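Topology and contacts: notes
Spelled out from the first residue to the last, the chains are:
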Amino acid sequence: MRHVVDMKDLSRKDLETIIEKALYFKKIKHPVKTLAGMSIVNVFFEASTRTRMSFQKAQSVLGANVLNFDPGTSSLQKGETDIDTLLTLQSMDVDAFVIRISQNGGVEKFAELLDKPVINAGDGTNEHPTQALLDLVTMNESFGKNKLKVAIIGDILHSRVARSLTEGVTALGGEVRICGPEDFVPAKFDGASIITHNLEEALDGVDVVYSLRVQKERIEELYDDLDDFFRKYQINEETIKLAPKHAILMHPGPFNRNVEVSDGIVYSERSRILEQVRNGVYARMAVMEMAIGANENIQSLQETVA
Ligand code: CP
């Protein structure tokens, strides 16, 4: 068993294995139920649509018992702490945890205390490893290789996706540029080859235009014209022309229509946004097998039958 909390928990070989396995799962119709007999609990202390639902789908397809913890109707409402909640769930003999929380480092803290595999489904502005993995799967599927030039555009400062994706792309030998408004792009960003406020410079020669949402829920100081501010960096029918014709458009979702991406481009031929969602199920199947040690599970199931 192993935790997947940070992209640094995964070697280059792990990344290549997950990409290959995810694309294999996408191709076949009936995967072996490697998580049969296992109970996995999804604990989302923060809102989610695609991560939560795709983990549930991935777990079901691999035969796991899927437990979904609902904070709104739980004893958190009576004052129970998050860690006491997780220890309570662990006592029910669950085999793994998938956790999302809005505090940076929150999932790592839980992983240190729990003795079952923990998969990070996003912690604050820190890390979102499975989003990065599904993005790497989508890029490999589009280009047939991993060494790519990626421009990440928008609210970099509040983005856990930007950090995890940069770690993933550069670990595979690719290049990442970051670009956005001055207040939303840090002066230093580990792994970035270019940090710029100029969209033309960012998109020149790239393979992937990766647009990010304005994370309004994480911005304490409210700008009157925040949407207008970000429209200067909008990816639309005109600005996409700054990238080569072969470049694809990606976005982790959810997106703000006509803020960071225009209506006209969001589901265009160049967009892979819905393919990212689709690949999220396969990438998460591959990650859970790796974290939980699915092959060991197959062996123990076979021994039980024998
Ligand atoms: N991309 C992503 O994490 O989306 P959700 O918040 O809907 O899970």
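All values derive from a computational prediction rather than experimental measurement.

**Let's talk about the overall build of the protein**
- Per the secondary structure count, the protein includes 11 helices and nine strands.
- For a compact globule of 306 residues, the expected C-alpha radius of gyration is about 19 Å, and the protein comes in at 20 Å, within 12% of that figure.
- Dimensions of the protein, computed from the C-alpha atoms along their principal axes, are close to 60 × 45 × 30 Å.
- Considering the protein as a whole, with its 306 residues, one finds that 53% of them fall into the buried category.
- Pairs at least 24 residues apart make up 74% of the contacts formed inside the protein by residues separated by at least 6 positions.
- For the protein, the accessible area works out to roughly 13900 Å², and carbon and sulfur atoms hold 48% of it.

**Comments concerning empty space enclosed by the protein**
- In this structure the tally under the stated criterion is two cavities of 30 Å³ or more.
- There is about 40 Å³ of room inside the largest cavity.
- What lines the largest cavity is simply Ile-19, Leu-136, Met-139, Asn-140, Lys-145, Asn-146, Leu-148, Val-169 and Leu-172.
- Considering each element in turn, the lining of the largest cavity owes the most residues, three residues, to helix H5 (residues 129–143).
- Of the residues assigned to the lining of the largest cavity, the class counts are six nonpolar, two polar and one charged.

**Comments concerning the site of the ligand**
- Taken together, Ser-48, Thr-49, Arg-50, Thr-51, Arg-100, His-128, Gln-131, Pro-252 and Gly-253 make up the full set of residues adjacent to the ligand.
- Between the ligand and Thr-49 there is a distance of 2.9 Å, counted from an oxygen atom to a backbone nitrogen or oxygen.
- In this structure, an oxygen atom belonging to the ligand sits 3.0 Å away from a side-chain N or O atom of Arg-100.
- Protein chains shield 91% of the accessible area of the ligand, which is 260 Å² for the free molecule.
- In this structure, the ligand is accommodated by the largest pocket.
- Here the residues of the shell around the ligand sort into one nonpolar, six polar and two charged.

**Concerning the nonpolar core**
- Core analysis: the largest hydrophobic core is formed by 55 residues, its most contacted members being Leu-136, Met-139, Ile-152 and Tyr-210.
- In terms of nonpolar packing, the next biggest core, distinct from the first, is built from 19 residues, Ile-153, Leu-199, Ile-235 and Phe-255 among them.

About the cut-offs
- Throughout this document, residue positions are counted from 1 along each chain, in the order its sequence is written.
- Two thresholds apply to this predicted model, a pLDDT of at least 70 for residue-level local features and 80 or more for giving and counting side-chain atom pairs, whereas whole-chain, interface and lining totals are computed over all residues.
- Values shown for side chains rest on all heavy atoms present in the structure; no hydrogens or waters enter the calculation.
- Where helices and strands are cited, they refer to DSSP runs of H or I of at least four residues and of E of at least two residues respectively, numbered from the N terminus.
- Throughout, radius of gyration means the C-alpha value; the globule benchmark is 2.2 Å times the number of residues raised to the power 0.38.
- Between buried and exposed lies partly exposed: a residue is buried under 20% and exposed over 50% of the maximum accessible area for its type, with that area taken using a 1.4 Å probe on protein chains only.
- Contacts are assigned to residue pairs that have any heavy atoms within 4.5 Å of one another.
- Only the protein chains shown count as cover for residues, and the accessible areas themselves come from Shrake-Rupley with a 1.4 Å probe.
- For cavity detection a 1 Å grid was placed over the protein atoms alone, and a set of points counts as a cavity when a 1.4 Å probe fits there but cannot get out; an open set counts as a pocket when protein lies on both sides within 12 Å along at least five of seven lines, with lining residues being those that have an atom within 4 Å of a point.
- Grid points are joined across faces, edges and corners, and a volume is the space filled by probe spheres set on the points.
- When residues are grouped by polarity, Ala, Val, Leu, Ile, Met, Phe, Trp, Tyr, Cys and Pro land in nonpolar, Asp, Glu, Lys and Arg in charged, and all others, Gly among them, in polar.
- Proximity criterion: a residue is near a molecule or strand once any of its heavy atoms comes within 4 Å of it.
- Counted as a polar contact is a pair of N or O atoms within 3.5 Å, where, for protein atoms, one must be capable of donating a hydrogen and the other of accepting one, and residues adjacent in sequence contribute only when both atoms are in side chains.
- Pocket or cavity membership: a molecule qualifies when more than half of its atoms sit within 2 Å of the grid points of that site.
- By convention a nonpolar core is built from buried Ala, Val, Leu, Ile, Met, Phe, Trp, Tyr and Cys residues, the set being connected through side-chain atoms within 4.5 Å.

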